[in-house]
Amino acid sequence: METWEGLPAVSLVPTDSKAPQMSAQDRCLSLIKYLLFVFNLFFFVLGGLIFCFGIWILIDKTSLSFMPLQIWSKALAILGILTMGLALLGCVGALKELPCLLGLYFGILLLLFATQITLGILISTQGGRLKRRVKDIVLETIQNYRTNPEQTGAEESWDFVQFQLRCCGWFSPQDWYRVPSLSSNESAARHVPCSCYNSSGANDSATLEKISSSQFSRPGPLARQRHSTDRCVVPANAYIYSEGCERSLEKWLHNNLISIVGICLGVGLLELSFMTLSIFLCRNLDHVYDRLARYR
């Protein structure tokens, strides 16, 4: 009996020598799995919030008449759906330890990362051509301002840009002087859109009342149809912004360059970290399954 009890004790010594190493690797993989799951769960919730916010803007009655808000709301809704779908792949793939889903998750992240790198290279190398293209589009939009009542999306978007950046025209307010829809046969006075009006230092109550009922506050689709025929304009000699939007846009980009670069780098680092975790977990799952099969 003593000899029989001693034999297993001697034979278990070499088999237990590898147990701590396997246990440490398993704990590391388990930590990576739950980290990937928690991070993707957070982005799934974030994508859901972005989607709900976009839908709320889209169905809000006060934003139905404003084309830029409609465009941004649809973009936010699509971005929220894509974020939720990608995060769901990461959550399920990590929690269920499915190599196919983890590989698909890694591939989509790699594609997004490559697309961002390509866009960054194109913007840095083709900046002059991009600037000329934007200038041509803006000048064409200004020249065709309110000529087609059924297509006012680009014009309302440019009004919004002028209103937010506190600028007028592309180069200067003189860009609006040659617009046929703003000229009057009854008077030779020049006019500019209400989005050029600088209300911060003006005391003209009649003009302010006219602007308050313009495209920036009109609710409902009926108001949008009325806006297509009733153009909101102010005299060019009124208190308007004197700086062109080209200069204002350059100032805005210069002042926010650090924030823009920081956000881009942060998104890129997040994508790289998620790609690293997913591919590491995916490549080591097969080894874990093989070891489990040998010890069963």
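Residues numbered from 1 in each chain as written. Predicted model: local features only at pLDDT ≥ 70, side-chain atom pairs only at ≥ 80, totals over all residues. Heavy atoms only, no water.

1. Focus: the side chain of T83
Phase 1 of the analysis: Examined against the element boundaries, T83 turns out to sit in helix 3 (residues 67–95).
Phase 2 of the analysis: There is a polar contact of 2.8 Å between the side chain of T83 and the backbone oxygen of L79. (Helix = DSSP H or I, 4+ residues; strand = E, 2+ residues; numbered from the N terminus. Polar contact = N/O pair within 3.5 Å; in protein donor to acceptor, adjacent residues only side chain to side chain.)

2. Points about the pattern of salt bridges
Phase 1 of the analysis: Under the definition given, this model contains seven salt bridges.
Phase 2 of the analysis: Between E250 and K131 there is a salt bridge whose closest N-O contact spans 2.9 Å. Residue E250 is located in helix 9 (residues 245–255), and its partner K131 is located in helix 5 (residues 127–143); the two are separated by 119 residues in the primary sequence.
Phase 3 of the analysis: Ionic pairing is found between R146 and D159, a salt bridge with its closest N-O pair at 3.9 Å. Taken as a pair, R146 in the loop between helix 5 and helix 6 (153–165) and D159 in helix 6 lie far apart in primary sequence, 13 residues in all.
Phase 4 of the analysis: Taking the relative accessible area as the measure of exposure, R146 reaches 6% and is therefore buried.
Phase 5 of the analysis: One continuous salt-bridge network, built from bridges that share partners, spans K131, E246, R247 and E250. (Salt bridge = Lys/Arg side-chain N within 4 Å of Asp/Glu carboxyl O. Buried < 20%, exposed > 50% of the residue type's maximum accessible area, 1.4 Å probe, protein only.)

3. Considering the side chain of S195
Phase 1 of the analysis: The topology assignment puts S195 in the loop between strand 1 (191–193) and helix 7 (205–212).
Phase 2 of the analysis: Take S195: its relative accessible area is 1%, and that puts it in the buried class.
Phase 3 of the analysis: A distance of 2.8 Å separates polar atoms of two side chains, one belonging to S195 and the other to D159.
Phase 4 of the analysis: Polar side-chain contacts of S195 include one of 2.7 Å to the side chain of Q162.

4. Some details on the state of the cysteines
Phase 1 of the analysis: Evaluated as defined, the whole model comprises two disulfides.
Phase 2 of the analysis: There is a disulfide in this structure between C167 and C245, and the S-S distance comes to 1.9 Å. One quick way to see it: the torsion about the S-S bond of C167 and C245 is about 90°, and its sign makes the bridge right-handed. Of the two residues, C167 is situated in the loop between helix 6 and strand 1 and C245 in helix 9; the sequence distance between them amounts to 78 residues.
Phase 3 of the analysis: Accessibility expressed as a relative area gives 1% for C245, which makes it buried.
Phase 4 of the analysis: Sulfur-sulfur distance for the disulfide between C168 and C196 comes to 2.2 Å. What sets the handedness of the C168 and C196 disulfide is the S-S torsion sign, and at about 85° it is right-handed. Here C168, found in the loop between helix 6 and strand 1, pairs with C196, found in the loop between strand 1 and helix 7; they are 28 residues apart in sequence, far enough to count as distant. When sorted by exposure, C168 lands in the same class as C196, which is buried.
Phase 5 of the analysis: There is no disulfide at C100, and the cysteine sulfur nearest it, in C282, is 8.6 Å away. (Disulfide = S-S within 2.5 Å.)

5. Quick word on unusual backbone geometry
Phase 1 of the analysis: The backbone phi angle of E97 is positive, close to 55°, even though this residue is not glycine.
Phase 2 of the analysis: Turning to its location among the elements, E97 is positioned in the loop between helix 3 and helix 4 (99–125).
Phase 3 of the analysis: In this structure, R146 is a non-glycine residue whose phi angle is positive, near 60°.

6. Description of the nonpolar core
Phase 1 of the analysis: The biggest cluster of nonpolar side chains holds 21 residues, and the ones touching the most others in it are W158, W176 and V192.
Phase 2 of the analysis: Those elements giving two or more residues to this core turn out to be helix 5 and strand 2 (233–235).
Phase 3 of the analysis: In terms of nonpolar packing, the next biggest core, distinct from the first, is built from 16 residues, I32, L89, L109 and C282 among them. (Core = buried A, V, L, I, M, F, W, Y, C linked by side-chain atoms within 4.5 Å.)

7. Considerations on the UniProt feature "transmembrane region" (unreviewed entry) in the protein
Phase 1 of the analysis: Per the UniProt record, the feature "transmembrane region" (unreviewed entry) sits at residues 34–59, 71–95, 101–123 and 257–281.
Phase 2 of the analysis: Between the C-alpha atoms that bound residues 34–59 the distance is 37 Å, and the span itself is 100% helix and 0% strand.
Phase 3 of the analysis: The distance from the first to the last C-alpha atom of residues 71–95 is 36 Å, and the span holds 100% helix and 0% strand. (UniProt positions renumbered as here; feature names shortened; annotations may be inferred.)

8. Digging into the packing of aromatic side chains
Phase 1 of the analysis: Under the counting rule described, the total for this entry stands at six aromatic pairs.
Phase 2 of the analysis: Between F42 and F43, the ring centres sit 5.4 Å apart and the planes meet at 80°, which makes this aromatic pair edge-to-face.
Phase 3 of the analysis: Take F42: its relative accessible area is 53%, and that puts it in the exposed class.
Phase 4 of the analysis: Put simply, the rings of F39, F42, F43 and F274 pair up and form one aromatic cluster. (Phe/Tyr/Trp six-rings, centres within 6.5 Å; stacked < 30°, edge-to-face > 60°.)

9. Focus: the environment of F43
Phase 1 of the analysis: The residue F43 is located in helix 2 (residues 19–59) in this model.
Phase 2 of the analysis: A relative accessible area of 23% places F43 in the partly exposed class.
Phase 3 of the analysis: Residues within four places of F43 in sequence aside, it is in contact with T83, A87, L270 and F274. (Contact = heavy atoms within 4.5 Å.)

10. Some thoughts on a nonpolar patch on the surface
Phase 1 of the analysis: A grouping of L119, L122, I123, L130 and V134 is seen on the molecular surface, where their side chains present a nonpolar patch of about 430 Å² in accessible area.
Phase 2 of the analysis: With three residues, the single largest contributor to the nonpolar patch is helix 4.
Phase 3 of the analysis: Residue placement: L130 occurs in helix 5.
Phase 4 of the analysis: With a relative accessible area of 44%, L130 lands in the partly exposed category. (Patch = residues over 30% accessible without salt bridge, like charges linked within 9 Å, V, L, I, M, F, W, Y side chains within 5 Å. Areas by Shrake-Rupley, 256 points an atom, 1.4 Å probe, with all protein chains shown as cover.)

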